[in-house]
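A structural walkthrough
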Amino acid sequence: MKVPKEILNEIADNLEAGFICYLDRDTLELVSFPDPDQFSDMENEVWKEEMEKVRKNKKKLIEIEQLVSSEGFRVME
């Protein structure tokens, strides 16, 4: 799968901001929303549509996981 640079940049920005990211393996649509573990006081209603997309399409989505800090530092080197 070849993902355009623009989408990769958007994924990196969202992960850095503390979002959970999923990529649709067919359409390359990015679905992201704030990580509830990091933003416990967030208003879920605002992100309801994105969370619902993930719930309904979990099998065709790829979760993009954040790097742990040690891996992030290694990448920057």
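Residues numbered from 1 in each chain as written. Predicted model: local features only at pLDDT ≥ 70, side-chain atom pairs only at ≥ 80, totals over all residues. Heavy atoms only, no water.

1. Let's talk about the packing of aromatic side chains
Summed over the entire model, instances satisfying the criterion amount to 2 aromatic pairs. Look at Phe19 and Trp47: their rings are 5.4 Å apart centre to centre, the planes differ by 90 degrees, and that puts the pair in the edge-to-face class. In this pair, Phe19 is assigned in strand β1 (residues 19–24) and Trp47 in the loop between β2 (30–34) and α2 (48–56), connecting sequence segments 28 residues apart. Residue classification places Phe19 among the buried residues on the basis of a relative accessible area of 18%. You can call Trp47 partly exposed: its relative accessible area is 23%. Note on Tyr22 and Phe33: the rings are 6.4 Å apart at their centroids and 25 degrees apart in plane angle, and the pair reads as stacked. In this pair, Tyr22 sits in strand β1 while Phe33 sits in strand β2, placing the two residues 11 residues apart along the sequence. (Phe/Tyr/Trp six-rings, centres within 6.5 Å; stacked < 30°, edge-to-face > 60°. Helix = DSSP H or I, 4+ residues; strand = E, 2+ residues; numbered from the N terminus. Buried < 20%, exposed > 50% of the residue type's maximum accessible area, 1.4 Å probe, protein only.)

2. Notes on the pairing of β2
The side chains of a regular strand alternate, residue by residue, between the two faces of the sheet. Most of β2 is tucked away, with 5 of its 5 residues classed as buried. Relative to β2, β1 is paired through 5 bridges, and the arrangement is antiparallel. Residue pairing for β2: Cys21 is matched across the bridge by Ser32. (Pairing = 2+ DSSP bridges.)

3. Quick look at the sheet that holds β2
Pairing is antiparallel across the open sheet formed by 3 strands, whose spatial order is β2-β1-β3. Among the strands making up the open sheet, the edge pair consists of β2 and β3 (61–64). Pairwise comparison of adjacent strand axes, ignoring direction, gives a mean angle of 25 degrees for this sheet. Of the pairings in the sheet, the one linking β1 to β3 comprises 4 bridges and is antiparallel in character. Considered in β3, the bridge of Asp24 is made with Leu61. Contacts between α2 and the sheet are confined to β1, β2 and β3, with β2 contributing the most and set at about 125 degrees to the helix. (Axes fitted to C-alpha atoms, helices over the stretch in contact; angles between N-to-C directions. Contact = heavy atoms within 4.5 Å.)

4. Some words on the nonpolar core
Of all hydrophobic cores here, the largest spans 8 residues; its members are Val3, Ile7, Ile11, Leu15, Phe19, Cys21, Leu23 and Leu30. Those elements giving two or more residues to this core turn out to be α1 (5–16) and β1. Once you skip the residues sitting within four places of it in the chain, Val3 turns out to touch Leu8, Leu23 and Leu28. Counting 6 residues, the second largest nonpolar core, distinct from the first, contains Ile20, Val31, Phe33 and Val54. (Core = buried A, V, L, I, M, F, W, Y, C linked by side-chain atoms within 4.5 Å.)

Fair warning: the whole summary comes from geometry, so function is off the table for now.
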